Amino acid sequence: MRRRFTLPLMLLAVAGAVAAAPARAQAPAAKLLPAQSEIGFVSKQMGVPVQGQFKKFDAQVSFDPKQPAGGKIAFAIDTGSATIGDRDTDAEMKKGDWFDTVKFPQATFQSTAIKALGGGKFEVAGKLAIKGSSRDVLVPVTLTQAGGTSTATGAFAIKRLEFKIGAGDWGDTSMVADEVQVKFKLALTGVGAL
């Protein structure tokens, strides 16, 4: 005699399989320590390096160094907080040809993959969005730990014109170079041990 596999039995079988499946561990949520963190940039004007920084930013980090593939990293940077320490230039950077902070108040980064390279080094792939343009970027990160604080540092280059930063007359790369180095140091608590 043939057994009939009815809907209730199928549902019980599925529920049993789900319950038996190992739960995927979620990476712990870390907390950013803003006073010990910084995001800066270096551009060249007529061949001379000019350093600046963003004074306001936030990060959401969920990361276990032992299981980096399950981690997530997201940034929101207040573009109006960009400064190079010169009042006139800082005011200019808020305008439409540069960051256009009224229309685009934030730049964002969202990780899509995190890969361990060994020795506290990681490679973070993600999407960087500035001024309505989004690009894939690969960010090298070095993680060090002391006490209960983890410090993530790194640097990567972007092409400002791909994001329409410095448009119009400022598009002349002999005046302001197209390449900009982005540097960061993020101090975090709540990251698992290396």
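Fair warning: this is a prediction, and the values are worked out from it, not measured in the lab.

Q: So what's going on with the overall build of the chain? Residues and values would help.
A: Within the chain, the regular secondary structure consists of 2 helices and 11 strands. Reading the chain from its N end, one meets helices and strands in the order α-β-β-β-β-β-β-α-β-β-β-β-β. Buried residues in the chain amount to 37% of all 194 residues. Taking the contacts inside the chain whose residues are at least 6 apart along the sequence as the reference set, 60% of them involve residues at least 24 apart. Working note: accessible area of the chain is about 11,800 Å², and carbon and sulfur atoms make up 58% of it.

Q: Can you explain the nonpolar core? Please cite residues and give values.
A: Formed by 39 residues in total, the largest nonpolar core has its most connected members in Ile39, Leu128, Ile130, Val139 and Ile158. The dominant element in this core, judged by the number of residues it contributes, is strand β11 (residues 179-189), at 5 residues. Among all residues touching Val139, those that are not within four sequence positions of it are Phe109, Phe122, Glu123, Val124, Phe156 and Phe184.

Q: A description of the packing of aromatic side chains should follow, citing residues and the corresponding values.
A: Counting across every chain of the model gives 5 aromatic pairs. Plain terms: the ring middles of Phe54 and Phe99 are 5.8 Å apart, the flat faces sit at 70° to each other, and that makes the pair edge-to-face. One end of the pair, Phe54, is in strand β3 (residues 48-54); the other, Phe99, is in the loop between α2 (87-93) and β7 (106-118), and 45 residues separate them in sequence. For the pair Phe54 and Phe99, a shared accessibility class is recorded, and that class is buried. With a centroid separation of 6.1 Å and 55° between ring planes, the pair formed by Phe75 and Phe109 is classed as tilted. Remark: Phe109 occurs in strand β7 and Phe75 occurs in strand β5 (residues 72-78); sequence separation between them is 34 residues. Taking the relative accessible area as the measure of exposure, Phe75 reaches 13% and is therefore buried. For Phe109, a relative accessible area of 8% corresponds to the buried category. Cluster of aromatic residues (ring-pair linked, three or more members): Phe41, Phe54 and Phe99.

Cut-offs applied
- Residues numbered from 1 in each chain as written.
- Predicted model: local features only at pLDDT ≥ 70, side-chain atom pairs only at ≥ 80, totals over all residues.
- Heavy atoms only, no water.
- Helix = DSSP H or I, 4+ residues; strand = E, 2+ residues; numbered from the N terminus.
- Buried < 20%, exposed > 50% of the residue type's maximum accessible area, 1.4 Å probe, protein only.
- Contact = heavy atoms within 4.5 Å.
- Areas by Shrake-Rupley, 256 points an atom, 1.4 Å probe, with all protein chains shown as cover.
- Core = buried A, V, L, I, M, F, W, Y, C linked by side-chain atoms within 4.5 Å.
- Phe/Tyr/Trp six-rings, centres within 6.5 Å; stacked < 30°, edge-to-face > 60°.

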